[in-house]
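Overview (structure and organization)
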Amino acid sequence: MKLLRRGDSDNSDKRDVEGTEASSASEEAPIEQVGKGRPTPKRRDAEAKRRGPVAPAPLTAKEARARRKATRGSKEDRKADAAERRASSADRRARMLAGEDKYLLPRDKGPVRAYVRDFIDARRNLVGLFMPLALILIMTMFVTPALQQIVTLVMLVMMLFMVGEGIWLGRMINNRVAERFPDSTDGGFKLGWYAFVRASQIRKLRAPKPRVGPGDAI
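Reference entry: report on the structure contained in this document. Note that the structure is predicted; figures quoted are calculated from it, not measured.

Some points on the packing of helix α5 (residues 111-121) against helix α8 (residues 189-200)
Helix-helix packing is characterised by the crossing angle of the two axes and by the distance between the axes. It is at 10 Å that the axes of α5 and α8 come closest, and there the two elements cross at 40°. One way to sum up the angle between α5 and α8 is to call them oblique. As α5 packs across α8, the resulting crossing turns out to be right-handed. Contacts between α5 and α8 involve V112, R113, V116, R117, I120 and D121 on the former and, on the latter, L191, Y194, A195, R198 and A199. When grouped by side-chain class, the residues that make up the contact of α5 with α8 number 7 nonpolar, no polar and 4 charged.

Brief notes about the packing of α5 against helix α7 (residues 148-180)
Running from amino to carboxyl end, α5 crosses α7 at an angle of 130°, the nearest separation of the two axes being 11 Å. Judged by the inter-axis angle, α5 sits oblique to α7. Remark: the crossing between α5 and α7 carries right-handed chirality. Between α5 and α7, the residues in contact are V112, Y115, V116, F119 and I120 and L169, M172, I173, R176, V177 and R180, respectively. The residue inventory of the contact of α5 with α7, partitioned by class, reads 9 nonpolar, no polar and 2 charged.

Side note on the pattern of salt bridges
Side chains bearing opposite charge may pair, as long as their charged atoms lie close to each other. Taken as a whole and judged by the stated rule, the model has 7 salt bridges. The partner of D186 in a salt bridge is R113, and the shortest N-O contact between them spans 2.7 Å. Residue D186 is found in the loop between α7 and α8, and its partner R113 is found in helix α5; the two are separated by 73 residues along the sequence. When its relative accessible area of 11% is taken as the criterion, R113 is described as buried. In this structure, R206 and D121 form a salt bridge, with 2.7 Å as the shortest nitrogen-oxygen distance. Pair noted here: R206 is in the segment after α8 and D121 is in helix α5, with a separation of 85 residues, a long-range link. A relative accessible area of 1% means that D121 is categorised as buried. Linked by salt bridges that have partners in common, D91, R95 and E100 make up one network.

Observations regarding a nonpolar patch on the surface
Together, L126, L129, L133, I136, L153, L156, V157, L160 and F161 give the surface a local cluster of nonpolar side chains, amounting to about 880 Å² of exposed area. Counting residues per element, the ones that place at least two in the nonpolar patch are α6 (130-143) and α7. In terms of residues, the nonpolar patch owes the most to one element, α7, which gives 5 residues.

Rules and cut-offs
Residues numbered from 1 in each chain as written. Predicted model: local features only at pLDDT ≥ 70, side-chain atom pairs only at ≥ 80, totals over all residues. Heavy atoms only, no water. Axes fitted to C-alpha atoms, helices over the stretch in contact; angles between N-to-C directions. Helix = DSSP H or I, 4+ residues; strand = E, 2+ residues; numbered from the N terminus. Parallel < 35°, antiparallel > 145°, perpendicular 65-115°, else oblique. Left-handed = near helix turned anticlockwise from the far one by under 90°. Contact = heavy atoms within 4.5 Å. Nonpolar A, V, L, I, M, F, W, Y, C, P; charged D, E, K, R; others polar. Salt bridge = Lys/Arg side-chain N within 4 Å of Asp/Glu carboxyl O. Buried < 20%, exposed > 50% of the residue type's maximum accessible area, 1.4 Å probe, protein only. Patch = residues over 30% accessible without salt bridge, like charges linked within 9 Å, V, L, I, M, F, W, Y side chains within 5 Å. Areas by Shrake-Rupley, 256 points an atom, 1.4 Å probe, with all protein chains shown as cover.

Encoded structure:
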């Protein structure tokens, strides 16, 4: 029995020594990386590597001006780029004024807004005379001070007529849109205000330009 205990003790000591050596070896051995054998680079570092080395910051204002001048290109290139931008802008504006839905402002897009514009452009609205008449009346106030009270009264009457026509026009527009576009969610005060603003503008200054003439059937 003593021999067995002694053998067990020796074997236990031997196992402890082997375990300690294995633990030391595992700590000293380098950890193998799975996959490509190197850590995955960050996206920022990868993009910087593709772009190449970053130039150091300029030390003087003269150096900064020279660097900006070098990156701007030649004078002919800048003129060509400016001409191309102007042509592109003019083309987009022309398409917007022509009523192409792709180039319109968000407030003007859609078949409902196009119908409202055509409906207003086909009518002669009293509210459309407000702006030119108001300018004439304001000019007469400076010419003849005695007419100030009369001009103020006329302006007040014009405002009342304008408000009344705007309310009537908004209701009529909403009824027409509900009949022609029953599934449309565009309506209410916003649509009435859109029609009123269109009607109050001088015809030649409206954007998009009118597609129909006064009196045309819509």
